Amino acid sequence: MTTVSPFARSGSFEEPYNIRSLQIEEMYSVPESFLEIEVRNPQTHGFGRKMYTDYEIVCKTNIPAFKLRHSAVRRRYSDFEAFRDVLERESTRVNIPPLPGKVFTNRFSDEVIEGRREGLERFLSIVAGHPLLQTGSKVLCAFLQDPAWDKAQWI
């Protein structure tokens, strides 16, 4: 009967090395499908009662439902409200999350604008990450990627 030491070499060192390098390559490669949405760069326009803030939406994806791999558009809060209304009508099987609330005092302060930006980004990440909306929503891709998007076309 032959006894094999637990410290004896068994085979080559190259096999585990190759397996490990494949795992590292897989870890750092582009995922099969990805979707990154960032709401950034808020800008306030106008004067007095005509003032409003809009936000840049940057979308990076390789999901086939989206026409562009990289896009950047600007939207104001009222556009998000119209978008959410259309999503609710269009997607009765999906519970659409709420938008960050309306603000009536100090709405153009840096803190309020940043809080709203964070809330809008959270909202879009949830909505755009939903598989049923990615494949079944007509308004989702248009809102995220079409610079000429107009809420009047969807209402």
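I will try to describe carefully the structure that is included in this document. Just so it is clear, the model here is predicted, and its values are computed rather than measured. (Residues numbered from 1 in each chain as written. Predicted model: local features only at pLDDT ≥ 70, side-chain atom pairs only at ≥ 80, totals over all residues. Heavy atoms only, no water.)

Looking at the overall build of the chain
Here's step 1: The secondary structure content of the chain amounts to five helices and three strands.
Here's step 2: In the chain, buried positions account for 32% of the 155 residues.
Here's step 3: Across the chain, every contact between residues at least 6 apart in sequence was considered, and the portion connecting residues at least 24 apart equals 57%.
Here's step 4: On the chain, roughly 10900 Å² of surface is accessible, and the fraction owed to carbon and sulfur atoms is 53%. (Helix = DSSP H or I, 4+ residues; strand = E, 2+ residues; numbered from the N terminus. Buried < 20%, exposed > 50% of the residue type's maximum accessible area, 1.4 Å probe, protein only. Contact = heavy atoms within 4.5 Å. Areas by Shrake-Rupley, 256 points an atom, 1.4 Å probe, with all protein chains shown as cover.)

Describing the pairing of strand 2 (residues 52–61)
Here's step 1: With eight of its 10 residues buried, strand 2 lies for the most part within the structure.
Here's step 2: The pairing of strand 1 (residues 35–45) with strand 2 spans nine bridges and is classified as antiparallel. When the bridges of strand 2 are listed, Thr 44 appears paired with Thr 53.
Here's step 3: Between strand 1 and strand 2, which pair antiparallel in sequence order, lie six residues; one of them, Gly 46, sits at a positive phi of approximately 80°.
Here's step 4: Where strand 2 meets strand 3 (residues 70–76), seven bridges bridge the pair, whose relative direction is antiparallel. In the strand pairing of strand 3, Ile 57 is matched with Val 73. (Pairing = 2+ DSSP bridges.)

Thoughts on helix 3 (residues 110–128)
Here's step 1: The end-to-end C-alpha distance of helix 3 is 26 Å, a good match for the 27 Å that 19 residues give at a rise of 1.5 Å each.
Here's step 2: Turning to helix 3, its buried residues are Ile 113, Arg 116, Arg 117, Gly 119, Leu 120, Phe 123, Leu 124, Val 127 and Ala 128.
Here's step 3: Elements that come into contact with the buried residues of helix 3 comprise strand 1, strand 2, helix 2 (77–90), helix 4 (131–136) and helix 5 (138–145). (Expected span 1.5 Å × (residues − 1).)

Digging into the side chain of Glu 56
Here's step 1: Here Glu 56 shows up in strand 2.
Here's step 2: Here Glu 56 falls in the buried class, since its relative accessible area comes to 15%.
Here's step 3: Each residue touching Glu 56, except ones within four places of it in the same chain, is listed here: Glu 38, Val 39, Arg 40, Asn 41, Ala 72, Val 73 and Arg 74.

Digging into the nonpolar core
Here's step 1: Ile 57, Phe 83, Leu 124 and Leu 144 are the most contacted members of the largest nonpolar core, which totals 31 residues.
Here's step 2: When contributions to this core are tallied by element, the ones reaching two or more residues are strand 1, strand 2, helix 2, helix 3 and helix 5.
Here's step 3: With residues up to four places along the chain from it excluded, the contact list for Leu 144 reads Ile 37, Ile 57, Cys 59, Phe 66, Ser 71, Val 73, Leu 124 and Ala 128. (Core = buried A, V, L, I, M, F, W, Y, C linked by side-chain atoms within 4.5 Å.)

Structural notes on the sheet that holds strand 1
Here's step 1: Here three strands make up an open sheet; going across it, the order is 1-2-3 and the pairing antiparallel. Looking at which strands have only one partner, the edges of the open sheet turn out to be strand 1 and strand 3. The average angle at which neighbouring strand axes cross in this sheet is 20°, direction not considered.
Here's step 2: Against the sheet, helix 2 makes contact with strand 2 and strand 3, and its axis sits at roughly 105° relative to strand 3, the strand it touches most.
Here's step 3: Helix 3 rests against strand 1 and strand 2 of the sheet, and its axis sits at about 150° to strand 1. (Axes fitted to C-alpha atoms, helices over the stretch in contact; angles between N-to-C directions.)

Things to note about the packing of aromatic side chains
Here's step 1: In this structure the tally under the stated criterion is four aromatic pairs.
Here's step 2: On the basis of an interplanar angle of 90° and a centroid distance of 6.2 Å, the ring pair of Phe 83 and Phe 123 is categorised as edge-to-face. Of the two residues, Phe 83 is situated in helix 2 and Phe 123 in helix 3; the sequence distance between them amounts to 40 residues.
Here's step 3: Overall, the relative accessible area of 0% leaves Phe 83 in the buried class.
Here's step 4: Taking the relative accessible area as the measure of exposure, Phe 123 reaches 2% and is therefore buried.
Here's step 5: Taken together, the ring pairs in this structure connect Phe 80, Phe 83, Phe 123, Phe 143 and Trp 149 into an aromatic cluster.
Here's step 6: It is Arg 76 that lies over the ring of Tyr 52; its NZ or CZ is 3.7 Å from the centre. (Phe/Tyr/Trp six-rings, centres within 6.5 Å; stacked < 30°, edge-to-face > 60°. Lys NZ or Arg CZ within 6 Å of the ring centre and 35° of its normal.)

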